[in-house]
Amino acid sequence: MLTGGGTGGHIFPLLAVVEELRMSDNSCSFHWFGSKRTEAQIVPEAGIQGTFSGFTFSYRKLSLSSLSYYLRVLPAWLLGIPFWTALTAIQRFKPHVVLASGGYVSAPMLMAAKAAGIPIAIVEINGVPGRVATAYASKAARVYCATEGIAAQFGRASATAKLVTGFPVMKPVLAPSEARVHFGVPPDIPILVVQGGSSGSSHVNQSIAALIGDEAFAAAHGRDLAILHQCGASTECGPSQGNKAWPYYRMVGFDKHLSSIYSTCSLYFGRSGASTIGELIAAKLPAVLMPYTLHADKQQYRNAEIISGVGAAIVLEESDSAFIDKLRTAIEECIFGAQGAAMREGYMHLQAGGAKAIAEDLSVKFGRGKGK
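Residues numbered from 1 in each chain as written. Predicted model: local features only at pLDDT ≥ 70, side-chain atom pairs only at ≥ 80, totals over all residues. Heavy atoms only, no water.

Examining the overall build of the chain
On a plain count of helices and strands, the chain comes out with 15 helices and 13 strands. Over its C-alpha trace the chain gives a radius of gyration of 21 Å, about what one expects of a compact globule, namely 21 Å for 372 residues. Seen through its principal axes, the chain has C-alpha atoms that stretch 65 × 50 × 35 Å. For the chain, with 372 residues in total, the buried portion stands at 52%. The contacts in the chain between residues at least 6 apart in sequence include a share of 62% that link residues at least 24 apart. (Helix = DSSP H or I, 4+ residues; strand = E, 2+ residues; numbered from the N terminus. Rg over C-alpha atoms; globule rule 2.2 N^0.38 Å. Buried < 20%, exposed > 50% of the residue type's maximum accessible area, 1.4 Å probe, protein only. Contact = heavy atoms within 4.5 Å.)

Observations regarding the pattern of salt bridges
When their charged atoms lie close together, side chains carrying opposite charge are able to pair. A complete count under the given rule lists seven salt bridges for this structure. Across the salt bridge formed by arginine 328 and aspartate 214, the nearest N and O atoms sit 2.5 Å from each other. With arginine 328 in helix 13 (residues 323-335) and aspartate 214 in the loop between helix 9 (202-212) and helix 10 (215-221), the pair connects residues that are 114 residues apart, well separated along the chain. Relative accessible area serves as the criterion here: at 19%, arginine 328 is assigned to the buried category. Two residues, aspartate 325 and arginine 328, come together in a salt bridge whose shortest N-O distance is 2.9 Å. (Salt bridge = Lys/Arg side-chain N within 4 Å of Asp/Glu carboxyl O.)

Some words on the sheet that holds strand 1 (residues 2-3)
In a beta sheet, neighbouring strands are held together by backbone hydrogen bonds and run either parallel or antiparallel to one another. Strand order across the open sheet formed by seven strands is 3-2-1-4-5-6-7, with parallel pairing between neighbours. Lying at the two open borders of the sheet, with one neighbouring strand each, are strand 3 (49-53) and strand 7 (162-164). As defined by bridge partners, strand 6 (residues 142-145) adjoins strand 7 across three bridges and the pair is classed as parallel. Pairing of cysteine 145 across the sheet is with valine 164, part of strand 7. Here helix 2 (residues 38-45) sits on the sheet and contacts strand 2 (31-35) and strand 3; the angle it forms with strand 2, its principal contact strand, is near 160°. (Pairing = 2+ DSSP bridges. Axes fitted to C-alpha atoms, helices over the stretch in contact; angles between N-to-C directions.)

Some thoughts on the pairing of strand 2
For strand 2, the buried fraction is high: five of the five residues fall into the buried class. Residues His31, Phe33 and Ser35 line one face of strand 2 and the alternating positions Trp32 and Gly34 line the opposite face, and both faces are buried. One ladder, built from two bridges, connects strand 1 with strand 2; its direction is parallel. Paired with leucine 2 across the strands is tryptophan 32, a residue of strand 2. Taken together, the five bridges between strand 2 and strand 3 define a ladder with parallel strand orientation.

Here's the deal with the environment of glutamate 317
Here glutamate 317 is to be found in the loop between strand 13 (313-315) and helix 13. Looking at glutamate 317, the relative accessible area reads 35%, which means it is partly exposed. Along the backbone, glutamate 317 and leucine 228 are 89 residues apart, and their C-alpha atoms lie at a distance of 22 Å. Residues within four places of glutamate 317 in sequence aside, it is in contact with Thr293, Tyr301 and Phe323. Side chain to side chain, glutamate 317 and tyrosine 301 meet in a polar contact 2.6 Å long. (Polar contact = N/O pair within 3.5 Å; in protein donor to acceptor, adjacent residues only side chain to side chain.)

In short, shape yes, function no, at least from these values alone.
Structural data, given as structure tokens:
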């Protein structure tokens, strides 16, 4: 039983593990417990059936403006509807193990698994472990951590339960040359890939719009740089093709093949979600990161530190008045200068083979009824 969702960071790591398990043991079966958000579309496309419930929840400071939100969402939780929905899914599917990646939607499944005596395993790839993962770490039979730094934060989990695996990352579906064809990018031009997560980011989109609207920058690089811009599935996107100044500008809403092109790109610019960090490590792609500022725990800053700490990324603050100037300089130095090659060398200190490590451990520890 797989559970987690809301964003790509809770979905793609689990799909990467599924990918490895399918390769090693085609008798494995899977069911996903999630919300009706992003996972309800992506998971069935991966050939996995699921229980996708309409209940929702997000942490908000109690105020008059948030009161109506809580009055709308709390009754379902207080009545136990998410828990009973999860328990019904367990009784129907009868899993050997529940593998959770976090997010509010995984909480009722973890509660139900505990009540039903089903072993729990947690995958954590965020620089700051999430609330649900932290709450259930002491109850988990296994806690898979992408880095030693993440593992160190699970003080409540037993030392024997924690396993450092590296980042679980899905294998690219398309070869680099096929990805260029898929996105309409010529084979002989450097690519700046831009994205703000599966849902998009207005700050990322506004930044790249300002950059390509800079006449001096367009005159210098408009015809020798391709920009592949994923504006987000829930974002109102502009024209998908470039103009005379930027003939190789391409915009998409959301495309599951975006990471397939990373290994042939010259630079990444965007948010620092945990699954994106794993994809950057796998592709050894130099990055300019603009962490999301409103997480109370500064999660994306901690994620960014994982690769900026080895020199593979530059971190810029969206509130910096000189942001566009610094972004322009970073692009010129990393794509058209020597800095990009030096940044790639930093990735030698990081690993992205977590999906295989997790799959192998799941098979050994929980396969064929083990762990019950």
